[in-house]
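# Structural overview for review
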Amino acid sequence: MQDGSALAVSADEKISSSREKGLNRVLEILEFLHTTQRAIGIGDLAKGVNAPRSTTYTLVRSLVDAGLLEMAGDGNRVYFGKKLYLYGMDYVRGNDLLRRGRQEVDNLSRETGETSELCMLQSGRYTIVHSSPGTRPFRISSATGLQIPLPWTASGRLLLAGFEQARIEDMISEDDLILPDGRRLLLNDFVADIAKAEATGYCVTSGLVDAYTKCLAAPVFSGPGKVEATMCLVVPIDTTEERTGSLISLLRDRAARLSIAG
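These figures come from a predicted structure and were not determined experimentally.

Analysis parameters
Here the residue numbering is sequential within each chain, running from 1 through the sequence in written order. The model is predicted, so local features are restricted to residues of pLDDT at least 70 and side-chain atom pairs to those at 80 or more, both for listing and for counting; the totals for chains, interfaces and linings are taken over all residues. Note that the side-chain values use all heavy atoms of the structure and ignore hydrogens as well as water. One requirement defines pairing of two strands: DSSP has to find at least two bridges between them. Secondary structure elements are defined from DSSP: runs of H or I of at least 4 residues count as helices, runs of E of at least 2 residues count as strands, and each element is numbered from the N terminus. Note on scores: pLDDT gives the predictor's confidence for each residue, bounded by 0 and 100. The salt bridge criterion pairs a side-chain nitrogen of Lys or Arg with a carboxyl oxygen of Asp or Glu, the two atoms within 4 Å. Only protein chains enter the calculation, and the probe is 1.4 Å; a residue is then buried if its accessible area is under 20% of its type maximum, exposed if over 50%, and partly exposed in between.

## Concerning the sheet that holds strand β1 (residues 40-41)
Read across the sheet, three strands follow the order β1-β3-β2 without closing on themselves; strand pairing throughout is antiparallel. One side of each edge strand has no neighbouring strand; the edge strands of this open sheet are β1 and β2 (69-72). Here β1 runs beside strand β3 (residues 77-80); their pairing, made up of two bridges, is antiparallel. Within β3, the residue paired with I40 across the bridge is V78.

Following this line, the structure appears as structure tokens:
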């Protein structure tokens, strides 16, 4: 027979486990909405996070009441709420690198007329944390919050600089190596590109995400040898070698200015 203290411990463990599952469900909901990038019906949301509809509805209602989510459109779809936006602005104000980086990216875009980005690693993915469009009539697709497989990008090759090969292999899935046009990159070639980018201090990729652009990237350091972010320019693929070289020099200068230490 169990004594009262044992029963109390067992009950506390069940409550703790239930709270942990609820928290994990909330994180899954937020991550799914971030990945989907649009308002979505609760039924589809439940399927997306593989949770019972009733559980999802209860969690969504609590998040809506807290202002973290909002009902959209006809009231049957849900998306991020204003409070999350305010939390995000608090993060920007409190993060020196991001605050200065946004300013540098905007200045770089105005100066060059090209699409400029500040990128970081987030959950093992290349993530655009700030983007500023260029002045070209032909607009290059780039959006803050967009996450792209690391092998598709110049920045990805710099963000993984200094990582051991085993860790890189753990972070890269087979799907990550398949480009949008169906071509498949070899993992060993990607690892070699990382080493080359680290040695040269910049990276250029052409025609990976699409056939019309190339990406120029330079590392932003948070300490000796530690790449915290990248600054990059997305330019038309037919940009001349002379202009490409000029842009790389400017990009490296601005990234170095943003770095805490090189």
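## Some points on the confidence of the model for the protein chain
Put simply, the protein chain has an average pLDDT of 87, and 90% of its residues get 70 or more. Of all the helices and strands in the protein chain, helix α1 (residues 4-36) carries the lowest mean pLDDT, 72, while strand β7 (residues 203-206) carries the highest, 96.

## Regarding the pattern of salt bridges
Scanning the entire structure with this criterion turns up 13 salt bridges. Across the salt bridge formed by R100 and D96, the nearest N and O atoms sit 2.9 Å from each other. Here R100 pairs with D96, and both are found in helix α5 (residues 96-112), just four residues apart, close to one helical turn. Accessibility expressed as a relative area gives 27% for R100, which makes it partly exposed. On the basis of relative accessibility, which here comes to 37%, the residue D96 falls in the partly exposed class. Where E104 meets R257, a salt bridge forms, and the shortest distance between an N and an O atom there is 3.1 Å. Taken together, the residues span a long stretch of sequence, with E104 in helix α5 and R257 in helix α9 (residues 241-258) at a distance of 153 residues. A relative accessible area of 12% places E104 in the buried class. You can call R257 partly exposed: its relative accessible area is 48%.

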